[in-house]
Structures are given as structure tokens and as C-alpha cells.
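Residue-level structural notes
This is what each chain is made of:
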Amino acid sequence: NRHPLIMAVWLPTLLACALVIARTKFVSDLSAFMPKAPSERQQLLVDQFRDGIIARLDFLRDRGKAVVPRVLAELERKLAEGGLGGATVSGREKSPYSIWRKMHQKNVGFEQLSDIMAFRIVVENVEQCYQALGVIHSHYHVVPGRVKDYITTPKPNHYQSLPTGNTVPERTTAPIQIRNTGM
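A brief look at the structure comes next. (Residues numbered from 1 in each chain as written. Predicted model: local features only at pLDDT ≥ 70, side-chain atom pairs only at ≥ 80, totals over all residues. Heavy atoms only, no water.)

Two numbers describe a pair of aromatic rings. These are the distance of the centres and the angle of the planes. Summed over all chains, the structure comprises one aromatic pair. Summarising the aromatic geometry, the rings of Tyr150 and Tyr159 are spaced 5.9 Å apart at their centres and angled 65° between planes, so their arrangement reads as edge-to-face. For Tyr150, a relative accessible area of 18% gives the class buried. The exposure class of Tyr159 is partly exposed, given its relative accessible area of 23%. Just above the ring of Tyr150 sits the side chain of Lys155; from NZ or CZ to the centre is 5.0 Å. (Phe/Tyr/Trp six-rings, centres within 6.5 Å; stacked < 30°, edge-to-face > 60°. Buried < 20%, exposed > 50% of the residue type's maximum accessible area, 1.4 Å probe, protein only. Lys NZ or Arg CZ within 6 Å of the ring centre and 35° of its normal.)

The following block contains the structure:
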């Protein structure tokens, strides 16, 4: 029960800060491709590498025409059929920098990456987390070695979820993180 005037000032300020942070992260991610004092050759290689990732993402977008929204709709439908109509499903395409970082860390090419997009399912309680995992695994192929249970065995930083890698609609392999509202 906050005063309306406080909310009228506080909420737009909070949203403006969130937009500035998002924009700063985007610019920071793009600049991460850049060496500190690049030579002309380094600059050319960085530009080609960044442009190559962006071009491949554009190609996948054109070929798939809004793959993320279609996968979201199908995941929501499958979860509703499985008795989880109240689940919140979100998804996103990963940023070019995030893709580059993963390629660099794993020393793999773009074609070898299995998670260009990622999805999250949020349910009300722990039992529904496992129910959602069962629904996902009964409808989509599980990628071997990509299923973890951080609910029964949380990470040292207390992170809890059920991350799983699945071949989702559109024959795309994507990580799906399942958690409840308290995690």
C-alpha cells in the first residue's frame, strides 16, 4: 500500500534503470570481441568473427522464422496437457557474445553448439518441477549427459533447478531450466 505519487515516480525510474543496464550489457558484450589495442589484422579478424556469428544467427532466424515463439507455444501446450497449465514458460535467443564465449570456452565451432536458444519453466512447487521434467522428457528427446538435479543436490552457492537439454520442436537442441517460484 504505497502512496500513488511515490509509485508514479519510483516505477518509471526503476524501469529506466533496467533499460540502461540492459543497454550497457549489450554494448559491453559487443565490445568484448575487441582486443584492448587491436592491430589492423586483429580488428579485421574480430569483425569477421563477430559478423560471422551474427550472420549465422540471422540465417537461423530467417530459416526458422520466429523459432523461439513457436517452441514456447508448444512447450506451454505440452505442459498444459500434462496438468501444468499454470506454468510460466519463457525463452530467448542467446546473444552473439554469449555464443562466442561458449565457442571459445569449449573450443568448438558454431555448428557444434547445441544451445543457441534457452528456455525456462517456472512452476509453483518442487513436485511440479519434477512433473514438468517428466512432461518434457516424455515429449522431447533428452540429450545424454545434459540432465542435472540441483534441487536434491544444490550447488555450493545454493542454486537450485532442474536443467535439462532436449531436442525441442524445430529439431533444435536447447537447454530447459525448470524451477519453482521460490528458487
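So, on to the pairing of strand β2 (residues 117-123). The element β2 is largely enclosed, with a buried count of five among its seven residues. With six bridges joining them, strand β1 (residues 88-93) and β2 adopt antiparallel strand pairing. Of the residues in β2, the one forming a bridge with Ser90 is Arg120. Judged from the five bridges that link them, β2 and strand β5 (residues 172-180) form a sheet pairing that is parallel. When the bridges of β5 are listed, Ile121 appears paired with Ile178. (Helix = DSSP H or I, 4+ residues; strand = E, 2+ residues; numbered from the N terminus. Pairing = 2+ DSSP bridges.)

Purely geometric stuff here, so don't read any function into it on its own.
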